[in-house]
Amino acid sequence: MSDDIENQQDPENSDVAKPINGDLENRFTEVFLKKLWGAEGSVSGPGSHRGSPMWVKGVDAIDAAVTKFGVRSIADCPCGDFVSASGALELHPTLDYVGYDIVADLIEQNRKNHPDRRFEHFDIVSSVPPAYDLIFCKELLIHLTNDQIFSILANVKKSGSKYFIASNSFGVENTELEHAVDGQARAVDLTKEPYNMKNVCWNNSFFAMWRCEDLPG
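Structure report, in brief. Please read these numbers as outputs of a predicted model, since none were measured by experiment. Residue positions are given per chain, counting from 1 as you read along its sequence in written order. Predicted model: local features are reported for residues with pLDDT of at least 70 only, side-chain atom pairs are reported and counted for 80 or more only, and whole-chain, interface and lining totals are derived from all residues. Hydrogens are left out, water is left out, and the side-chain values use all remaining heavy atoms of the structure.

1. Re the packing of helix α2 (residues 53-69) against helix α3 (residues 83-91)
Right, so step 1: Angles here are taken between N-to-C directions and fall from 0 to 180 degrees, while the axes themselves are lines fitted to C-alpha atoms, restricted in helices to the stretch in contact. Under the DSSP-based scheme used, a helix requires at least four consecutive residues in state H or I and a strand at least two consecutive residues in state E, with every element numbered from the N terminus. One can describe the packing of α2 onto α3 by two numbers: an axis separation of 9 Å at closest approach and a directional angle of 45 degrees. The orientation of α2 with respect to α3, classified from their angle, is oblique. Crossing hand, α2 versus α3: right-handed. Residues Trp55, Val59, Ile62 and Asp63 of α2 pack against Val83, Ser84, Ser86, Gly87, Ala88 and Leu91 of α3. In what follows, roughly perpendicular refers to angles from 65 to 115 degrees, roughly parallel to angles under 35, roughly antiparallel to angles over 145, and oblique to any angle outside these ranges. For a crossing to be left-handed, the near helix must be turned anticlockwise from the far one by less than a right angle; the clockwise case is right-handed. Whether two residues are in contact is decided by their heavy atoms: any pair within 4.5 Å suffices.

2. Considerations on the pattern of salt bridges
Right, so step 1: By definition, a salt bridge exists where a carboxyl oxygen of Asp or Glu is found within 4 Å of a side-chain nitrogen of Lys or Arg. This structure, assessed with the given rule, holds eight salt bridges.
Right, so step 2: Linking Lys162 and Asp133 is a salt bridge whose minimum nitrogen-to-oxygen distance equals 3.6 Å. Of this pair, Lys162 sits in the loop between α5 (146-159) and β7 (163-167) while Asp133 sits in the loop between β5 (118-121) and β6 (134-137), and the two are 29 residues apart along the sequence.
Right, so step 3: Here Glu176 and Arg186 are joined by a salt bridge, their closest N and O atoms 3.8 Å apart. Of this pair, Glu176 sits in the loop between β7 and β8 (202-203) while Arg186 sits in the loop between β7 and β8, and the two are ten residues apart along the sequence.
Right, so step 4: With relative accessibility at 41%, the residue Glu176 sits in the partly exposed group.
Right, so step 5: Through salt bridges that share partners, Lys18, Arg118 and Glu120 make up one connected network. Summary of the burial criterion: residues with accessible area below 20% of their type's maximum are buried, those above 50% are exposed, and those between are partly exposed, where the area comes from a 1.4 Å probe applied to protein chains only.

In structure tokens, the structure reads:
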């Protein structure tokens, strides 16, 4: 499949076709189907396993957004298999939550396993999400090229959402993703070149939070 963006319809959740990048969808679907990030605990990788350091810090980040910044709605993008955000929703069950992921099979699985929650097939690289109090982006940017990261930041800013939380490796020197295949990744620090997102309004050792109006784009 070419890297052209195709319009795909999600009849269950939207009347408007959403652009989906076919190459990105195929790449992350293959990771899911082949369980390249493991299967025990979470197919989304060891950082999403319940009780792992990244999982605990993610719960901490969402909890801080709710208790310190008044967040009442959250778009979890990518939601993976929902293990990552589930702990935060146990603390704050009334949060207006939607889980977005580019892997259609994961969305179908989540809808079956968690019928009380909302999940949508969505590509945040190619589409502007609806406005939420918080867009939560765990361990996605590390798998994308710099241009794709800038596309996400611009789409989040355009959404009119209030806050953006992303995984962040403070202190690393940013490089380009060497191979945009399979589960390839590298560390990203959004506060450094080429992103220079200095206006962090909250952080812990794994995540950082910005006001969406301060994002580049």
